[in-house]
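# Summary of structural features
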Amino acid sequence: HISDVTISGGYANSTFADGGGIYNLGNLTLENVSVTGNEAWRDGGGIFSASSSEIHIIDSSITDNIATGDANPHGGGICARTGSEARKNRAAGLS
């Protein structure tokens, strides 16, 4: 459980780099968290949650994150493969 923090300025920068701000492989809850200004070379500029994991995002903000570099990046803000839940959040950012 992560709460009441800002995660910013992360950069995942290799060929298989996912999750510029957070790379989740387990069961993670984010509450009142700001994930902003992160970048991943491949998927999940702000948050990447792998196939075998769960992520629960509550009262949080995911803004101005980007996934670039790969020929087909997914999820500038969030890339969640399975088991995700989002409640009372704000997502905004780069167009």
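Residues numbered from 1 in each chain as written. Predicted model: local features only at pLDDT ≥ 70, side-chain atom pairs only at ≥ 80, totals over all residues. Heavy atoms only, no water.

### Structural notes on the overall build of the chain
Definition in use: In DSSP terms, a helix is any run of H or I states spanning at least four residues, a strand is any run of E spanning at least two, and both are numbered starting from the N terminus. Per-residue accessibility, obtained with a 1.4 Å probe over protein chains only, is compared with the maximum for each type, and a residue is labelled buried under 20%, exposed over 50%, and partly exposed between these values. In what follows, a contact means two residues having at least one pair of non-hydrogen atoms within 4.5 Å. Per-residue and other accessible areas follow the Shrake-Rupley method at a 1.4 Å probe size, with only the shown protein chains counted as cover for residues.
Helices and strands together make up the secondary structure of the chain, namely zero helices and 14 strands. Per-residue burial over the chain gives 39% buried out of 95 residues. In the chain, of all internal contacts separated by at least 6 residues, the share reaching a separation of at least 24 is 81%. For the chain, the accessible area works out to roughly 5,000 Å², and carbon and sulfur atoms hold 47% of it.

### Thoughts on the sheet that holds strand 11 (residues 66-67)
How we decide: Think of it this way: DSSP has to see at least two bridges between two strands before they count as a pair.
Read across the sheet, three strands follow the order 3-7-11 without closing on themselves; strand pairing throughout is parallel. The open sheet terminates on both sides in strands that have one partner only, identified here as strand 3 (11-12) and strand 11. The pairing of strand 7 (residues 39-40) with strand 11 spans two bridges and is parallel. Bridge pairing in strand 11 places Ala 40 opposite Ala 67.

### Remarks on the packing of aromatic side chains
The test is simple: For Phe, Tyr and Trp, rings pair up if their centres lie within 6.5 Å, where Trp contributes its six-membered ring, and each pair is then called stacked (planes under 30 degrees apart), edge-to-face (over 60) or tilted (otherwise).
For the structure shown, the criterion picks out one aromatic pair. Measuring from ring centre to ring centre gives 5.1 Å for Tyr 23 and Phe 48, while their planes differ by 35°; the resulting arrangement is tilted. Residue Tyr 23 is found in strand 4 (residues 22-24), and its partner Phe 48 is found in strand 8 (residues 47-49); the two are separated by 25 residues along the sequence. In this structure Tyr 23 comes out as partly exposed when scored by relative accessible area, which is 43%.

### Re the side chain of Ser 49
The line we're drawing: Pairs of N or O atoms within 3.5 Å make up the polar contacts considered here, provided that, within protein, one atom can donate a hydrogen while the other can accept it, and that residues adjacent in sequence are counted only when both atoms are side-chain atoms.
Considering the arrangement of structural elements, one finds Ser 49 in strand 8. Taking relative accessible area as the criterion, Ser 49 reaches 0% and is therefore assigned buried. Engagement of the side chain of Ser 49 in a polar contact is seen with the side chain of Asn 24, the distance being 3.0 Å. Other than its neighbours up to four places away in sequence, Ser 49 contacts Asn 24, Glu 54, Ile 55, Cys 79, Ala 80 and Arg 81.

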